[in-house]
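The primary structure of each chain is shown beneath.
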Amino acid sequence: EAAVTQSPRNKVTVTGGNVTLSCRQTNSHNYMYWYRQDTGHGLRLIHYSYGAGNLQIGDVPDGYKATRTTQEDFFLLLELASPSQTSLYFCASSEGGQGAVAEQFFGPGTRLTVL
Amino acid sequence: TQTVSQSDAHVTVFEGDSVELRCNYSYGGSIYLSWYIQHHGHGLQFLLKYYSGNPVVQGVNGFEAEFSKSDSSFHLRKASVHWSDSAVYFCAVSGNNYAQGLTFGLGTRVSVFP
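**Q** I would appreciate a short explanation of the interface of chain B and chain A in the present structure.
**A** How big an interface is tends to be stated in terms of accessible area lost as the parts join. Each partner contributes to the interface: chain B provides 20 residues, whereas chain A provides 25 residues. Buried area between chain B and chain A, summed over both chains or domains, comes out near 1700 Å², and the portion from carbon and sulfur atoms is 56%. The interface formed by chain B and chain A contains one salt bridge. The tally of links between chain B and chain A comes to three residue pairs in polar contact (both at pLDDT 80 or more). For the side of chain B that touches chain A, the elements supplying multiple residues, two or more each, are strand 5 (32-38) and strand 6 (44-50) of chain B.

**Q** Just to check I follow, could you spell out the side chain of Asp38 of chain A for this structure?
**A** Residue and element names in this part refer to chain A. Position of Asp38 relative to the elements: it lies in strand 4 (residues 31-38). Overall, the relative accessible area of 13% leaves Asp38 in the buried class. In this structure the side chain of Asp38 is engaged in a polar contact, spanning 2.7 Å, whose partner is the side chain of Ser87. In contact with Asp38, other than residues within four places in its own chain, are Arg44, Thr86 and Ser87.

**Q** Please clarify how a nonpolar patch on the surface should be interpreted in this entry.
**A** All names here are of chain A. The grouping of Val12, Val14 and Leu115 at the surface amounts to a nonpolar patch, some 300 Å² of accessible area in total. Its place among the elements puts Leu115 in the segment after strand 11 (110-114). The exposure class assigned to Leu115 is exposed, which follows from its relative accessible area of 61%.

**Q** When you look at the environment of Tyr25 of chain B in this model, what are you seeing that I'm missing?
**A** Residue and element names in this part refer to chain B. Along the chain, Tyr25 falls in strand 4 (residues 24-26). Note on Tyr25: relative accessible area 10%, which makes it buried. Between the C-alpha atoms of Tyr25 and Phe74, which are 49 residues apart in sequence, the distance is 7.9 Å. Apart from residues lying up to four places away in sequence, Tyr25 is in contact with Thr3, Val4, Ile31, Leu33, Phe67, Ser68, Lys69, Ser72, Ser73 and Val93.

Calculation criteria
- Residues numbered from 1 in each chain as written.
- Chains lettered and ligands numbered in written order.
- Predicted model: local features only at pLDDT ≥ 70, side-chain atom pairs only at ≥ 80, totals over all residues.
- Heavy atoms only, no water.
- Contact = heavy atoms within 4.5 Å.
- Buried area = accessible area lost by both parts, 1.4 Å probe.
- Salt bridge = Lys/Arg side-chain N within 4 Å of Asp/Glu carboxyl O.
- Polar contact = N/O pair within 3.5 Å; in protein donor to acceptor, adjacent residues only side chain to side chain.
- Helix = DSSP H or I, 4+ residues; strand = E, 2+ residues; numbered from the N terminus.
- Buried < 20%, exposed > 50% of the residue type's maximum accessible area, 1.4 Å probe, protein only.
- Patch = residues over 30% accessible without salt bridge, like charges linked within 9 Å, V, L, I, M, F, W, Y side chains within 5 Å.
- Areas by Shrake-Rupley, 256 points an atom, 1.4 Å probe, with all protein chains shown as cover.

Right, here's the structure in full:
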């Protein structure tokens, strides 16, 4: 079973602060995703990646950067955090592959509070 | 662009009852549909998926879902719920380029009472 871990699990910062959320998957998946989950909005895709060095923009990218340093590691960066970015963040990975529609494996989430 | 709607925000059932969670989607092309479960304080876990073939798909823990192209639906069902099925259930859709990530519904919270 795929293992997706996230750190930190909880983070509190102030407006204008610099935050990095980390995600690691250990099942050699090519695809990784960052979502945010908010009441009334469900999960929304922020950024995703096909592999190391690749980055694609999701549905709600404003205010976020991301970097995929290796196949295993995907980071979400908030360089000037705002209260509107207070949310529960999930990382996910999937195998993908042509013709294959693979399920996504989710990490446990990071709860971020921006004061 | 694909969209997905889950008409029920909260469903309450008793242990042993059956349950059906509704999911409707809109998309013009080939579509990939899935259901995920989220227990309180945890990430989402995959339940089942449909892409083609038999419109009734079986998932883990006795869940099944049925795809209907005419109704644009992918409803989730379970014949007899257990208290451990209390969770939030998300329907998700993706178009041809499934690698672009999933579009999730708002979720349906299921509360199972003894």
